[in-house]
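Summary of the model geometry
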Amino acid sequence: MRNFKTLDHVVIDHETGIITLSAQQDDLTSTRLSMRREGSYLSISASYGPIEIAMRPRFAEVVRVLSKMQPVEGLQTTRQVGTGQAYLAMGLQADKGLVIRPTIVADATGHICFNLFLTDDVCQALFDWLDI
């Protein structure tokens, strides 16, 4: 079964344009989700200590999916952005929190992903940063 890490803290570095989502109680080696716009792409880094999943989905596609997303009872994620080999699965929850699952697929036998839950405040900060 999936174990979700709740991210409830936001830091926006206006100088670099990076938004970092993390847990308030964590130290520097714990789970983080950082994003920065790079032209028409959204550079995403999901990390836990030295382990990282890095992705670059199209910015417009991420914004389009998030702006139209609605909660669906019983489903953790309802939309994916990316390809079959690397994607960002997302799902809005009834409490306005957001499930984000950055995933890298090895082949039909397995994958690696981060199971992250953004609280409603962090979700709203992300939407504001994305200008949704």
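Residues numbered from 1 in each chain as written. Predicted model: local features only at pLDDT ≥ 70, side-chain atom pairs only at ≥ 80, totals over all residues. Heavy atoms only, no water.

1. Regarding the overall build of the chain
In plain terms, the rule: Segments assigned H or I by DSSP are reported as helices when at least four residues long, segments assigned E as strands when at least two residues long, and all are numbered from the N terminus. As a reference, a globule follows 2.2 Å times the number of residues to the power 0.38, and the radius of gyration itself is taken over C-alpha atoms. Only protein chains enter the accessibility calculation, which uses a 1.4 Å probe. A residue is then buried if its area is under 20% of the maximum for its type, exposed if over 50%, and partly exposed in between. Residues count as neighbours in contact if any of their non-hydrogen atoms are within 4.5 Å of one another. For the accessible areas, the method is Shrake-Rupley and the probe is 1.4 Å, while residue cover comes only from the protein chains on display. Within this scheme the basic residues Lys and Arg register as positive and the acidic residues Asp and Glu register as negative, but His and the chain ends are omitted. For charged residues, the charge sits on one atom: NZ in Lys, CZ in Arg, CG in Asp, CD in Glu.
Along the chain, the regular secondary structure elements total 2 helices and 11 strands. Along the chain, from the amino end to the carboxyl end, the secondary structure elements read β-β-β-β-β-β-α-β-β-β-β-β-α. In terms of C-alpha radius of gyration, the chain reaches 14 Å, essentially the compact-globule figure of 14 Å for 132 residues. For the chain, buried positions account for 39% of its 132 residues. Contacts spanning at least 24 positions in sequence make up 33% of the contacts within the chain whose residues lie at least 6 apart. Accessible area of the chain: about 7700 Å², with a carbon and sulfur share of 49%. Charge-centre separation for the chain: the mean point of 12 positive side chains lies 9 Å from the mean point of 15 negative side chains.

2. A word on the packing of aromatic side chains
Spelled out, the test is: Note on aromatic pairs: the rings of Phe, Tyr and Trp (six-membered ring only in Trp) are paired at centre separations within 6.5 Å, and the planes decide the class, stacked below 30 degrees, edge-to-face beyond 60, tilted for the rest. Working rule: Lys NZ or Arg CZ, within 6 Å of ring centre, within 35 degrees of ring normal, means a charge sits over the ring.
Tallying each qualifying case throughout the model produces 0 aromatic pairs. The cationic tip of Arg 37 hangs over the ring face of Phe 59; the distance from NZ or CZ to the ring centre is 3.9 Å. The side chain of Arg 56 reaches across the aromatic face of Tyr 41, ending 4.7 Å from its centre.

3. Let's talk about the environment of Gly 39
Residue placement: Gly 39 occurs in the loop between strand E4 (31-38) and strand E5 (41-48). Separated by 20 residues in sequence, Gly 39 and Phe 59 place their C-alpha atoms 8.2 Å apart.

4. Observations concerning the pairing of strand E10 (residues 110-113)
Selection criterion: For two strands to be treated as a pair, DSSP must find at least two bridges joining them.
Two elements, strand E9 (residues 98-107) and E10, share 4 bridges in a ladder whose sense is antiparallel. The residue bridging Asp 107 from the neighbouring strand is Gly 110, located in E10. The turn joining E9 and E10, which pair antiparallel and follow one another in sequence, is formed by 2 residues.

5. Digging into helix H1 (residues 59-68)
Quick note on the threshold: To obtain the arc, one takes the directions from the helix axis to the C-beta atoms.
Buried residues of H1: Phe 59, Val 62, Val 63, Val 65 and Leu 66, and no others. End-on, the buried residues of H1 take up no more than an arc of 165 degrees, which puts them together on one face. Exposed side chains of H1 directed beyond 90 degrees from the buried face belong to Ala 60 and Lys 68. Those residues of H1 that are buried are in contact with E4, E5, strand E7 (79-82), strand E8 (86-92), E9 and helix H2 (120-130).

6. Regarding a nonpolar patch on the surface
Rules: Any residue with relative accessible area above 30% and no salt bridge may belong to a patch, with like charges joined within 9 Å and the nonpolar Val, Leu, Ile, Met, Phe, Trp and Tyr side chains within 5 Å. Any Lys or Arg side-chain nitrogen found within 4 Å of a carboxyl oxygen on Asp or Glu counts as a salt bridge.
Together, Tyr 48, Ile 51 and Ile 112 make up an exposed nonpolar region whose accessible area comes to about 310 Å². Within the secondary structure, Ile 51 is located in strand E6 (residues 51-55). A residue is classified by how much of its surface remains accessible, and Ile 51, at 45% relative accessible area, is partly exposed.

7. Quick look at the sheet that holds strand E2 (residues 9-13)
The strands that make up a sheet are held in pairs by hydrogen bonds between backbone atoms, and each pair lies either parallel or antiparallel. Spelled out, the test is: Axis lines are fitted through C-alpha atoms, for helices just across the contact stretch, and the angle between N-to-C directions can take any value from 0 to 180 degrees.
Ordered in space as E2-E3-E4-E5-E6, the 5 strands form an open sheet in which the pairing is antiparallel. Edge positions in the sheet fall to E2 and E6, since each of these pairs with one other strand and no more. Neighbour-to-neighbour, the strand axes of this sheet turn through a mean angle of 15 degrees, independent of strand direction. In this structure, strand E3 (residues 18-22) lies alongside E4, joined through 5 bridges in antiparallel fashion. Residue pairing for E4: Ile 18 is matched across the bridge by Arg 36.

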